[in-house]
Amino acid sequence: MIDRVCISLSSKCQLRCTYCHFDTHIDKKSVLEIGETNAKKIISNLLDYAKAHHGHIKIGLVGSGEPLLRFNLIKAIIEMVKVVDKERLLSFYTISNGMHFNEDIRQFFYENRNTIKLCFSIDGYESIHDLCRVNAAGKGSFATIMQSVELYKKMFGEAPSVNATVHRETLRHAESVLNFFEENFKNVTFSRLVDVESPHLFISKKDFQEFLQLAQAHKLEMRQFKAKKYDCTMYGQLCGVGRTNIYFDNGKVYPCGRFVGNSKYELGNATDPIDEIERYMVSHITPCADGQCYYDNL
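Residues numbered from 1 in each chain as written. Predicted model: local features only at pLDDT ≥ 70, side-chain atom pairs only at ≥ 80, totals over all residues. Heavy atoms only, no water.

Caption draft 1: Spotlight on the state of the cysteines. Scanning the model with the defined rule gives zero disulfides in all. Unpaired in this structure, C13 has its nearest cysteine sulfur neighbour in C17, at a distance of 6.1 Å. Of the residues examined, C13 reaches a relative accessible area of 26% and is grouped as partly exposed. The cysteine C20 is free of any disulfide, with C17 supplying the nearest cysteine sulfur at 6.4 Å. (Disulfide = S-S within 2.5 Å. Buried < 20%, exposed > 50% of the residue type's maximum accessible area, 1.4 Å probe, protein only.)

Caption draft 2: Just the packing of aromatic side chains, in detail. Taken as a whole and judged by the stated rule, the model has 17 aromatic pairs. Each ring, one from F180 and one from F181, has its centre 5.3 Å from the other, and the planes form 70°; the classification is edge-to-face. Judged by relative accessible area, F180 falls into the buried class, the value being 10%. Classification of F181 as buried rests on a relative accessible area of 0%. (Phe/Tyr/Trp six-rings, centres within 6.5 Å; stacked < 30°, edge-to-face > 60°.)

Caption draft 3: The sheet that holds strand β6 (residues 187-192), seen in detail. Across the sheet, which stays open at both edges, the ten strands sit in the order β7-β6-β5-β4-β3-β2-β1-β10-β11-β12 with mixed pairing between neighbours. The open sheet has two edge strands, β7 (221-222) and β12 (268-269), and neither has a second partner. Most of the contacts of helix α10 (residues 274-284) go to strand β10 (residues 245-249), to which it runs at about 115°, and overall it touches β10, β11 (252-254) and β12. (Pairing = 2+ DSSP bridges. Helix = DSSP H or I, 4+ residues; strand = E, 2+ residues; numbered from the N terminus. Contact = heavy atoms within 4.5 Å. Axes fitted to C-alpha atoms, helices over the stretch in contact; angles between N-to-C directions.)

Caption draft 4: Structural view of the pairing of strand β5 (residues 161-166). Where burial is concerned, most of β5 is hidden: six out of the six residues are buried. In β5, alternate side chains face the same way, and those of S161, N163 and T165 on one face and V162, A164 and V166 on the other are all buried. Relative to β5, strand β4 (residues 116-121) runs parallel, the two being bridged by three bridges. Counted as the bridge partner of C119 is S161 from β5.

Caption draft 5: Region of interest: the pattern of salt bridges. Tallied over the entire structure, the rule returns 16 salt bridges. Residues E36 and K40 are paired through a salt bridge, measuring 2.8 Å at the closest nitrogen-oxygen approach. Pair noted here: E36 and K40 are both in helix α2 (residues 36-53), with a separation of four residues, about one helical turn. Note on E36: relative accessible area 40%, which makes it partly exposed. A relative accessible area of 28% means that K40 is categorised as partly exposed. For D231, the salt bridge identified is with R223, shortest N-O distance 2.3 Å. Across this residue pair, the class does not change: D231 and R223 are buried. (Salt bridge = Lys/Arg side-chain N within 4 Å of Asp/Glu carboxyl O.)

Caption draft 6: Expanded view of the environment of D231. By secondary structure assignment, the location of D231 is in strand β8 (residues 230-231). Relative accessible area serves as the criterion here: at 9%, D231 is assigned to the buried category. With 15 residues separating them along the chain, D231 and I246 place their C-alpha atoms 10 Å apart. Here D231 is in contact with R4, R223, Q237, L238, C239, G240 and N245, once residues within four sequence places are set aside. There is a polar contact of 2.3 Å between the side chain of D231 and the side chain of R223. (Polar contact = N/O pair within 3.5 Å; in protein donor to acceptor, adjacent residues only side chain to side chain.)

Caption draft 7: Seen up close, helix α3 (residues 71-84). For α3, with 14 residues, the first-to-last C-alpha span of 20 Å sits near the 20 Å given by 1.5 Å per residue. Taken residue by residue, α3 has F71, L73, I74, A76, I77, I78, M80 and V81 as its buried positions. In this fold, the buried residues of α3 make contact with α2, β2 (57-62), β3 (90-96), α4 (103-111) and β4. (Expected span 1.5 Å × (residues − 1).)

Caption draft 8: Examining the packing of α2 against α3 more closely. One way to put it is that α2 packs onto α3 with a least axis distance of 10 Å and a crossing angle of 35°. Every pair of crossing elements has a handedness; the one defined by α2 and α3 is right-handed. Contacts between α2 and α3 involve E36, A39, K40, I43, S44, L47 and K51 from the former and L73, A76, I77, M80, V81 and V84 from the latter. (Left-handed = near helix turned anticlockwise from the far one by under 90°.)

Caption draft 9: Quick look at the pairing of β10. Most of β10 is tucked away, with five of its five residues classed as buried. Burial along β10 is two-sided: the residues N245, Y247 and D249 and I246 and F248 are all buried. Strand direction decides the pairing type here: β10 and β11, joined by three bridges, are antiparallel. Note that in β11 the partner of Y247 across the bridge is Y254. Where β10 folds back on β11, the antiparallel hairpin that results is connected by two residues, among which N250 adopts a positive phi of roughly 55°.

Caption draft 10: Summary view of a positive patch on the surface. A contiguous patch of positive charge on the surface is contributed by K58, K117, K226 and K229. Following the sequence through the fold, K58 ends up in strand β2. Using a relative accessible area of 32% as the deciding quantity, one classes K58 as partly exposed. (Patch = residues over 30% accessible without salt bridge, like charges linked within 9 Å, V, L, I, M, F, W, Y side chains within 5 Å. Areas by Shrake-Rupley, 256 points an atom, 1.4 Å probe, with all protein chains shown as cover. Lys, Arg positive; Asp, Glu negative; His and termini not counted. Charge placed at Lys NZ, Arg CZ, Asp CG, Glu CD.)

Right, here's the structure in full:
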């Protein structure tokens, strides 16, 4: 059953992260941003599918840009879901760079914290974070994201969950990075840097696993050490391609975000019924063995 879904809301972003997969692999000028009508149709299709299969679907309102630039669309989706999903079969999250986090946004996410979870992207302390997460002028974003973290803590009474990209410099300063997260946050998802154009940032799966073993000694709640599920090896989980995962972007559906723009791996149009998408997926994609990544094995 499909139970992990990502919907790309925007290809626009205030940052120019040097390791961004989407900046280096997709022509963002050709990407058509999803409108409210199609977004709601996708949500409706997912809810119909969840009801038919008696299951729960976790949906990321994320993608190739900064989702909070489409804040009004996020609001429209969540307001719709609160009306139509009485059984709470759908749950949501989004991951922000924290560059735009005003009072309206904070209030909305606080009031809807049981429906949608807001996470931030932070790679570590200032020099590690600002190494790659920079704006168009090349200026680091650490100071701004930490201001947003403080605003979040003031509103929610706790630190936000964060996503951190792990690369070669992270490994060189692993204990310092892990101490930073342990001192400032509770829930961290570490992601292995993939498809990088800079060899000096590359890390192997083995490198990543060794980093995760170091992280176990720290008082952090990590996605990697919860029960193994079909999701993504980038997070230390099992590959869900051909099994449980689909990704919506630019009017199409793909088995994961790394396939966006590859017509060979289009599973259908974004507004197609989910059962049709799933039938096409299982008839055209043979899942890889546990522990392997389908994309890496191409």
